[in-house]
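One-letter residues, chain by chain:
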Amino acid sequence: MPSFSSKDDTAPSLLPEEGISTGISAWQNNKRITGLWSINQNRNSWVHINGVGWKKLANNSDSAIVALTMLGAHAREKGSVVNYREEKNMIHEMYIW
């Protein structure tokens, strides 16, 4: 994570790592969820997307992560096609077909 210099608090002293999203969102279409993972921690749920790998579900609120976890579980159980919006390496929106 970028840190601020003690001499100049107006700009980060380090650039973001390559490959890290800086707020750009992208839609991924026609994917399938092949796995689910969660642990006894606040807002920590993941889905495995076939051909992509593990993606963390948005953790900005309790209701968002619960809803996305339920959608992911439904898609996994039914083998449904999933379209999802990824932002900052997390899934923030999902459509299940």
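Everything discussed here concerns the structure shown above.
Residues numbered from 1 in each chain as written. Predicted model: local features only at pLDDT ≥ 70, side-chain atom pairs only at ≥ 80, totals over all residues. Heavy atoms only, no water.

Chemist: A description of the pairing of strand 3 (residues 45-49) should follow, citing residues and the corresponding values.
Modeler: Because side chains alternate across strand 3, one face comprises the buried residues S45, V47 and I49, and the other comprises W46 and H48, none of which is buried. Bridge count for strand 2 (residues 33-38) against strand 3 is five bridges, and the pairing is antiparallel. Paired with I33 across the strands is I49, a residue of strand 3. For strand 3 and strand 4 (residues 53-57), the ladder comprises four bridges, and the chain directions are antiparallel. Across the sheet, V47 pairs through a bridge with K55, a residue of strand 4. (Buried < 20%, exposed > 50% of the residue type's maximum accessible area, 1.4 Å probe, protein only. Helix = DSSP H or I, 4+ residues; strand = E, 2+ residues; numbered from the N terminus. Pairing = 2+ DSSP bridges.)

Chemist: Talk me through the nonpolar core; I want residue IDs and the actual numbers.
Modeler: I33, V47, I49, L57, A58, I65, L68, A75, V82, Y84, I91 and M94 together form the largest nonpolar core, which totals twelve residues. Contributions of two or more residues to this core are made by strand 3, helix 1 (62-78), strand 5 (82-87) and strand 6 (90-96). For this core, the leading source of residues is helix 1, giving three residues. Apart from the residues within four sequence positions on either side, Y84 is in contact with A26, W27, Q28, K31, I49, V52, K55, I91, E93 and M94. (Core = buried A, V, L, I, M, F, W, Y, C linked by side-chain atoms within 4.5 Å. Contact = heavy atoms within 4.5 Å.)

Chemist: Tell me about the pairing of strand 4, and name the residues and values.
Modeler: Most of strand 4 sits out of view: four of its five residues are buried. Hairpin connection of strand 3 to strand 4: three residues between the antiparallel strands, including G51 at a positive phi of 80 degrees. Bridging between strand 4 and strand 6 involves two bridges; their strand directions are parallel. Pairing of K56 across the sheet is with M90, part of strand 6.

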